[in-house]
Amino acid sequence: MGGFQSPHPLLNCSKCGVQLVRIISKQRATFGQAFVKCPNNIKGDPTTCGIIMSEAQYEAWLRKPEQQQQIQSKMYLCSGEGGHESIDHILDLKEELNEVKQKLDSVVADLWVVKVQVQKMKMDYVVVAAVCVGVAIGCLMSKL
Ligand SMILES: [Zn+2]
């Protein structure tokens, strides 16, 4: 099957400390019903762990304070891992930003070179224009 989605997280057995398992009953009386049990529970063997309950019993069991503590500690672990992931993500973003910044710097440097060239060209034009005006004025002056 594999598609069975659990409505409740599977905690550890309060006696054995191993994670409980969810099984679907193949017994005639309870066929198709979900049960939560300890992996150490063996049906018909009273010397094994006695933790086995229906989904409804498990829900009630989850509400007990000792199980709530376990749920909270599990949730704390999850959020801790999540926080670590997000820090890694921020570091990645920082590296990306640095790359973008470096690219921008090189673009800015290129633009600066272009600007200098444009300014040089402008200077040339100004010089040429000044020479022309000078020549023109010279011509005018000499004609006068
Ligand atoms: Zn157990």
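All of these numbers come straight from a predicted model, not from anything done at the bench.

### What about the overall build of the protein?
Here is step 1 of the chain: Within the protein one finds two helices and three strands.
Here is step 2 of the chain: Counting from the amino terminus, the protein carries its helices and strands in the arrangement β-β-β-α-α.

### A word on the pairing of strand E2 (residues 34-37)
Here is step 1 of the chain: Pairing of strand E1 (residues 21-24) with E2, which is carried by four bridges, proceeds in the antiparallel orientation. Counted as the bridge partner of Arg22 is Val36 from E2.
Here is step 2 of the chain: For E2 and strand E3 (residues 52-54), the ladder comprises three bridges, and the chain directions are antiparallel. Opposite Val36, over in E3, you have Met53 as the bridge partner.

### Considering the UniProt feature "transmembrane region" (unreviewed entry) in the protein
Here is step 1 of the chain: UniProt records the feature "transmembrane region" (unreviewed entry) at residues 125-143, using the numbering of this structure.
Here is step 2 of the chain: Secondary structure over residues 125-143 splits into 100% helix and 0% strand, and the C-alpha atoms at its two ends are 26 Å apart.

### Details of the environment of Leu11
Here is step 1 of the chain: When you line up the elements, Leu11 lands in the segment before E1.
Here is step 2 of the chain: Distance from Leu11 to Gln68, taken between C-alpha atoms, is 9.9 Å for residues 57 residues apart in sequence.
Here is step 3 of the chain: Other than its neighbours up to four places away in sequence, Leu11 contacts Leu20, Gln67, Gln70 and Ile71.

Cut-off values and rules
- Residues numbered from 1 in each chain as written.
- Predicted model: local features only at pLDDT ≥ 70, side-chain atom pairs only at ≥ 80, totals over all residues.
- Helix = DSSP H or I, 4+ residues; strand = E, 2+ residues; numbered from the N terminus.
- Pairing = 2+ DSSP bridges.
- UniProt positions renumbered as here; feature names shortened; annotations may be inferred.
- Contact = placed C-beta atoms within 7 Å.

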